[in-house]
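Tertiary structure, described
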Amino acid sequence: MATWAEFAAAAPELAELGLKQLRKFGLGYLGTTRRDGSPRVNPVCPFIAEGRLFVFTAPTSPKRLDLKRDGRYVLHLLPGKEEEEFLVRGRAMLVTDAATREVAAAAGREAVGLNVRPDEWLFEYDIEEAATTVWENFGQPDIRPVRRAWREGSPSSVCAH
Amino acid sequence: MMATWGEFAAAAPELAERGFEQLSIPIAYLATVRRDGAPRLHPLSPLFAGGRLFVAIEGTSPRKHDLGRDGRYSLHALPPMLSEHYDEFEFNVTGRAALVTDAATRALVNEAEAARSRPPLHHDAWLFELDIDAALTTVWDHTMVKRGDLWLPEIGPEGPRPTRRVWKANA
């Protein structure tokens, strides 16, 4: 598992697109697995603090229990103007230490205007894989996707089709 | 028991009207379950035809096998644009997807898409009908303030409060 900073060091182009989308909208869609094995999807406000990817979750949100039981997640950032896509997948871990929580709350306030309440749950999102899609000849008949993917432990790869 | 979109709309017209509006902007997020049980998401444009809700999945996408193996899905609309009346309306439907194999239903979807000036389904796209088990909506009591040309939610110390509504097909 990689932190955001480790991922960014290994695959800087992918991480750059992710940061751009993150700064632009501050919004992503998070996929988790419910207790009965069916999928759940919710909007979340991810942010980066000290090279780590975090999301605060309301204490009433059922997805926090999904993640506590099965940390596997997938997170898509909102697509850009030319439908650039960015996603990461990996495992989310509950953060309980007060120092990390404080740092994350300050960064979340700064980055996306979060007003963190004491009862919110904080998860750190470790990264196993990331993928981007950008489009060549966007808006033209010969539009064509260029997909890039990174997986922990392997060099960044490009596949276009 | 599951409902078609039309049955849901007849039972909960206000929810369905706003849901339709939000699902009709370019993208929504479809969640499925991978073979290994991990979640998968994909942005796509939901399709409406004959009072039914559909999604088309590219023939090359692994997601088509997700839904063939375990039809359970969750579909989440994007929030509305920021405005003076912004309530961050969240719309989510869950249920089961069923592969559509008959040409008549495919033609119905293509007709509806043409009426919305959108292109027909790609010939190798897999078409799934989304039957609805539950629809969930959340609205937030934001106080909106104008900053320059933009309406933005004001973040107070308490934060906005959510109001949630759930509609169930078998209730």
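Residues numbered from 1 in each chain as written. Chains lettered and ligands numbered in written order. Predicted model: local features only at pLDDT ≥ 70, side-chain atom pairs only at ≥ 80, totals over all residues.

From N to C terminus, chain B includes four helices and 10 strands. Traced from its N-terminal end to its C-terminal end, chain B shows the element sequence α-α-β-β-β-β-α-β-β-α-β-β-β-β. Dimensions of chain B, computed from C-alpha atoms along their principal axes, come out at roughly 50 × 35 × 30 Å. Scored against the burial criterion, the 171 residues of chain B give a buried share of 32%. Sequence separation of 24 or more characterises 70% of the internal contacts of chain B that already satisfy a separation of 6 or more. (Helix = DSSP H or I, 4+ residues; strand = E, 2+ residues; numbered from the N terminus. Buried ≥ 20, exposed ≤ 12 C-beta atoms within 10 Å, placed from the backbone. Contact = placed C-beta atoms within 7 Å.)

To continue, consider the overall build of chain A. For chain A, the helix and strand inventory stands at four helices and nine strands. The N-to-C order of helical and strand elements in chain A reads α-α-β-β-β-β-α-β-β-α-β-β-β. Computed over its C-alpha atoms, the radius of gyration of chain A comes to 16 Å, within 12% of the 15 Å expected for a compact globule of 161 residues. Overall, chain A is about 50 × 35 × 30 Å in size when its C-alpha atoms are taken along their principal axes. Here chain A holds 161 residues, and the buried ones make up 38% of them. (Rg over C-alpha atoms; globule rule 2.2 N^0.38 Å.)

The interface is formed by 20 residues belonging to chain B together with 20 residues belonging to chain A. Every element with two or more residues in the side of chain B that touches chain A is listed here: strand S1 (28-33), strand S2 (39-44) and strand S5 (72-77) of chain B. Tallied by class, the residues present in the side of chain B that touches chain A amount to 12 nonpolar, five polar and three charged. (Nonpolar A, V, L, I, M, F, W, Y, C, P; charged D, E, K, R; others polar.)

As a further point, take unusual backbone geometry. Residues and elements named next belong to chain A. Of note in the backbone geometry, Glu50 takes a positive phi value of approximately 50° without being a glycine. Take Glu50: it is sitting in the loop between strand S3 (47-49) and strand S4 (52-57). Residue classification places Glu50 among the exposed positions, given that 12 C-beta atoms sit within 10 Å. Within the chain, Glu83 stands out as a residue other than glycine whose phi angle is a positive 60°.

Turning our attention to the nonpolar core. Grouped together as the largest cluster of nonpolar side chains are 70 residues, with contacts concentrated most on Phe7 and Tyr125 of chain A together with Phe54, Phe128 and Leu130 of chain B. It is strand S7 (residues 126-140) of chain B that provides the largest number of residues to this core, a total of six residues. Not counting the four nearest positions on each side in its chain, Leu130 of chain B is found in contact with Leu53, Phe54, Val55, Tyr73, Leu75, Gly95 and Ala97 of chain B. (Core = buried A, V, L, I, M, F, W, Y, C linked by C-beta atoms within 7 Å.)

Residue and element names in this part refer to chain B. Burial runs low along strand S8 (residues 143-147): only zero of the five residues are buried. Relative to strand S9 (residues 150-154), S8 is paired through five bridges, and the arrangement is antiparallel. If you follow Lys146 over to S9, its bridge partner there is Trp151. Linkage of S8 to S9, two consecutive antiparallel strands, is achieved through a turn of two residues, within which Gly148 is found at a positive phi near 65°. (Pairing = 2+ DSSP bridges.)

Let's shift gears to helix H4 (residues 103-115) of chain B. Count 3.6 residues to each turn of an α-helix, and residues three or four apart come out pointing the same way. Its 13 residues place the ends of H4 of chain B 18 Å apart at the C-alpha level, agreeing with the 18 Å of an ideal helix rising 1.5 Å per residue. Ser117 of chain B lies just past H4 of chain B and shows a positive phi near 55°. (Expected span 1.5 Å × (residues − 1).)

Residue and element names in this part refer to chain A. The element strand S5 (residues 72-77) is largely enclosed, with a buried count of five among its six residues. Pairing of strand S1 (residues 28-33) with S5, which is carried by four bridges, proceeds in the antiparallel orientation. By the bridge assignment, Gly31 is partnered in S5 with Val74. Two strands pair when backbone bridges link them, and S5 and strand S6 (residues 85-95) are joined in this way by six bridges, in the antiparallel orientation. Following the sheet pairing, His76 is matched in S6 by Leu87.

This brings us to the confidence of the model for chain B. Within chain B, residue pLDDT values average 91, and 98% of them lie at 70 or more. Prediction confidence for the complex, expressed as pTM and ipTM, is 0.91 and 0.89 respectively. (pLDDT = per-residue confidence, 0-100.)

What follows covers helix H2 (residues 13-23) of chain B. Residue and element names in this part refer to chain B. Turning to H2, its buried residues are Ala16, Gly19 and Leu23. Along the long axis of H2, the arc covered by the buried residues comes to 65°, so they all point the same way. The exposed set on the far side of H2, more than 90 degrees from its buried face, consists of Pro13, Glu14 and Glu17. (Arc of directions from axis to C-beta.)

Another point: the environment of Met2 of chain B. Residues and elements named next belong to chain B. With respect to the helices and strands, the residue Met2 is situated in the segment before helix H1 (5-11). The partly exposed category is assigned to Met2, around which 15 C-beta atoms lie within 10 Å. Each C-alpha atom, one on Met2 and one on Asn170, is 7.1 Å from the other, the two residues being 168 residues apart in sequence. Other than its neighbours up to four places away in sequence, Met2 contacts Gly95, Arg96, Asp131, Ile132, Asp133 and Ala169.

Further remarks concern the environment of Val88 of chain A. Residue and element names in this part refer to chain A. Counting through the fold element by element, Val88 comes out in strand S6. Distance in space between the C-alpha atoms of Val88 and Ala107 is 20 Å, their sequence separation being 19 residues. In this structure, Val88 is in contact with Leu75, Ile127, Glu129 and Ala130, ignoring residues within four places of it in sequence.

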